[in-house]
Amino acid sequence: MSRPEEISPPEIFYGDDEARKYTSNSRIQAIQSQMTERAIELLALPEDQPAFLLDIGCGSGLSGELLDEAGHYWVGMDISPSMLAEVALEREVEGDLFLQDIGQGFGFRPGTFDGAISISVLQWLLNADTSSHSPPQRLTRFFTTLHSALRNPSRAVFQFYPSSDDQVHLITQSAQRAGFGGGIVVDYPNSKKARKMYLCLMVGHQEVPRGLEGEEEV
Amino acid sequence: MLVSILSLFSSPQFRENCTSNNFPLVFSEVELVVRPVPENQEFLKRFLPKLEWRALVETARSLGNESLPLIQPETLTDDQLKALHHVLLELHVEQGNMTCKGCGHVYPISNGIPNMLLAEHEVGR
Ligand SMILES: [Zn+2]
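Residues numbered from 1 in each chain as written. Chains lettered and ligands numbered in written order. Predicted model: local features only at pLDDT ≥ 70, side-chain atom pairs only at ≥ 80, totals over all residues. Heavy atoms only, no water.

K.L.:
Explain the coordination of the zinc ion residue by residue, including any values.
P.N.:
Residue and element names in this part refer to chain B. Ligation of the zinc ion by protein atoms is provided by C18 (SG), C100 (SG) and C103 (SG), these donors lying 2.1 to 2.2 Å from the ion. Within one chain, the residues serving as donors to the zinc ion are arranged as C-x81-C-x2-C. Exposure remark for C103: the relative accessible area of 27% places this residue in the partly exposed category. (Donors = N, O, S within 2.8 Å, 3.2 Å for Na, K, Ca; no water. Buried < 20%, exposed > 50% of the residue type's maximum accessible area, 1.4 Å probe, protein only.)

K.L.:
Got a sec to walk through helix α4 (residues 26–43) of chain A? Specific residues and values, please.
P.N.:
Residues and elements named next belong to chain A. End to end, α4 covers 26 Å across 18 residues, agreeing with the expected 26 Å (1.5 Å per residue, within 8%). Inspection of α4 places Q32, M35, T36, R38, A39, I40, L42 and L43 among the buried residues, and these make up the whole buried set. Phi turns positive one or two residues past the end of α4, at A44, with a value near 50°. (Helix = DSSP H or I, 4+ residues; strand = E, 2+ residues; numbered from the N terminus. Expected span 1.5 Å × (residues − 1).)

K.L.:
Which residues make up the sheet that holds strand β7 (residues 196–203) of chain A, and what values do they have?
P.N.:
Residue and element names in this part refer to chain A. If you trace the 7 strands from one edge of the open sheet to the other, you get β3-β2-β1-β4-β5-β7-β6, paired in mixed fashion. Both outer strands of the open sheet, β3 (96–99) and β6 (181–187), are each paired with one neighbouring strand and no more. Going across the sheet, the axis of each strand differs from the next one's by a mean of 15°, ignoring polarity. Along the sheet face, helix α5 (residues 62–69) touches β1 (52–56), β2 (73–78) and β4 (113–119) and points at about 165° away from the line of β1. Contacting β1, β4, β5 (150–159) and β7, helix α7 (residues 135–149) crosses the sheet at an angle of about 135° to β5. (Pairing = 2+ DSSP bridges. Axes fitted to C-alpha atoms, helices over the stretch in contact; angles between N-to-C directions. Contact = heavy atoms within 4.5 Å.)

K.L.:
Mind laying out unusual backbone geometry, listing which residues take part and the relevant values?
P.N.:
Where the residue is not glycine, phi is negative for most of them; where a peptide bond is considered, it is trans in most cases. Going from N152 of chain A to P153 of chain A, the amide bond is cis rather than trans, its omega being 0°. Along the chain, the position of P153 of chain A falls in strand β5. Put simply, F23 of chain B and P24 of chain B share a cis peptide bond, and its omega is -10°. Along the polypeptide, P24 of chain B turns up in the segment before β1 (26–34). Even without being a glycine, Y188 of chain A presents a positive backbone phi close to 45°. On the accessibility criterion, Y188 of chain A (9% relative accessible area) is buried.

K.L.:
So what about the nonpolar core? Which residues, and what values?
P.N.:
Counting 70 residues, the largest nonpolar core has F108, F143 and L146 of chain A as the members making the most contacts within it. At 6 residues, helix α3 (residues 78–89) of chain B tops the list of elements feeding residues into this core. The residues touching F108 of chain A, leaving out its near neighbours within four places in the chain, are V75, M77, F98, F113, S148 and A149 of chain A together with I5, L8, F9 and S10 of chain B. Counting 25 residues, the second largest nonpolar core, distinct from the first, contains L45, W74, L84 and M202 of chain A. (Core = buried A, V, L, I, M, F, W, Y, C linked by side-chain atoms within 4.5 Å.)

K.L.:
Go over the interface of chain A and chain B, please, and point to the residues and values.
P.N.:
The partner chain B presents 32 residues to the 34 residues of chain A that form the contact. Taken together, the two surfaces of chain A and chain B that pack against each other cover about 2900 Å², and 54% of this comes from carbon and sulfur. Interface area lost by chain A to chain B is led by Y73, Q104 and R109 of chain A, which between them contribute 23%. A salt bridge links D114 of chain A to K50 of chain B; the shortest N-O distance between them is 2.7 Å. For the side of chain A that touches chain B, the secondary structure elements donating two or more residues are β2, α6 (81–91), β3, β4 and α7 of chain A. Among the residues forming the side of chain A that touches chain B, the class breakdown is 14 nonpolar, 12 polar and 8 charged. (Buried area = accessible area lost by both parts, 1.4 Å probe. Salt bridge = Lys/Arg side-chain N within 4 Å of Asp/Glu carboxyl O. Nonpolar A, V, L, I, M, F, W, Y, C, P; charged D, E, K, R; others polar.)

K.L.:
Explain the pattern of salt bridges to me, and be specific about the residues and the numbers.
P.N.:
Scanning all chains against the criterion turns up 8 salt bridges over all chains. The partner of R109 of chain A in a salt bridge is E52 of chain B, with the nearest N and O atoms 2.7 Å apart. Taken together, the residues R109 of chain A in the loop between β3 and β4 and E52 of chain B in the loop between α1 (41–47) and α2 (53–62) connect one chain to another. Among the residues examined, R109 of chain A registers a relative accessible area of 18% and is labelled buried.

K.L.:
Quick one: what's the story with the packing of aromatic side chains, residue by residue and with numbers?
P.N.:
One pass over the full model with this rule turns up 14 aromatic pairs over all chains. Aromatic pair F52 of chain A and F47 of chain B: ring centres 4.8 Å apart, planes at 75°, arrangement edge-to-face. Pair noted here: F52 of chain A is in strand β1 and F47 of chain B is in helix α1, and the two residues belong to different chains. By relative accessible area, F52 of chain A is classed as buried at 5%. (Phe/Tyr/Trp six-rings, centres within 6.5 Å; stacked < 30°, edge-to-face > 60°.)

K.L.:
Kindly report on the sheet that holds strand β3 (residues 106–110) of chain B, identifying the contributing residues and their values.
P.N.:
Residues and elements named next belong to chain B. The 4 strands are arranged β1-β2-β3-β4 in an open sheet whose pairing can be described as antiparallel. Two strands lie at the open edges of the sheet, namely β1 and β4 (113–114), each paired on one side alone. The pairing of β3 with β4 spans 2 bridges and is antiparallel. Each residue of the ladder has a partner; that of I109, found in β4, is P114.

K.L.:
Can you break down the packing of α7 of chain A against helix α8 (residues 165–177) of chain A residue by residue, with the values?
P.N.:
Residue and element names in this part refer to chain A. Between α7 and α8, whose axes approach to 9 Å, the crossing angle comes to 40°. The orientation of α7 with respect to α8, classified from their angle, is oblique. Between α7 and α8 lies a crossing whose hand is right-handed. Contacts between α7 and α8 involve P136, L139 and F143 on the former and, on the latter, L170, I171, S174 and A175. Grouping the amino acids of the contact of α7 with α8 by side-chain chemistry returns 6 nonpolar, 1 polar and no charged. (Parallel < 35°, antiparallel > 145°, perpendicular 65-115°, else oblique. Left-handed = near helix turned anticlockwise from the far one by under 90°.)

Encoded structure:
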């Protein structure tokens, strides 16, 4: 099966049908929630305090539901109108939603967010599906505006599916140039099934967290 | 979208050829809804320093909400905290437009979702 990001741009791939399929598939939902929980954990937010967070590529709203449950306030961005309609109308999440192409950057004031999460989205930025903007330009634009929108100190955690080491390199390099510290965290690196990769970016000086090892938690 | 989000936007970094008189964006043809949420004073107090007070108040006033003073008080009374909670977290725009005074660009809002997509030639560098 081809990866969705290789078939068409996200706003087209996640049209009404795919959006509904995506949000109603329980296996996908379970995996997405698990990864979201882990991403929130990696944010290492202060305990028992509501935070103001950014959900990048908030898609189906699954991650938003978990942010709601954790008592956080959030803003979600997605490039797919169908996905957003699904979130807004079907799930009734609390967050504020924006139709936005993250590769164009976004205009939040410096220090607005206490953190950002993004589940299965970053790989979409590596597609050159527009003629005028190359993936490196879009990555730079994205990371630069994100870095500015985050407070110091804070973190942005991305679960993503790179298709090569070159992609990982391009992404981490763009993030570093935008001023981020941090790096890649791999959970269950030795398990074919459970292995998950997170880009854990830091604003301000912080230690990179360690990946999970051993047996996968069920 | 929440009305108060406007006081957190800075479009100059965002759009090409948009360099002055661009904060905050201005609402027009707005359909407002109020969605009550529980008060959370702790969140309010930590959120407050992030906001541009004057932009928030001017935006609220442009939509007919006069509950907050134009100059930010050093400490807010209980009534002001209540008013702030309402303006920050309960006032939503369902339909309408946001216009940039600087470059004239219009961001439409439909079903509560602003469309921030730019044409490729409009993307800032
Ligand atoms: Zn402008």
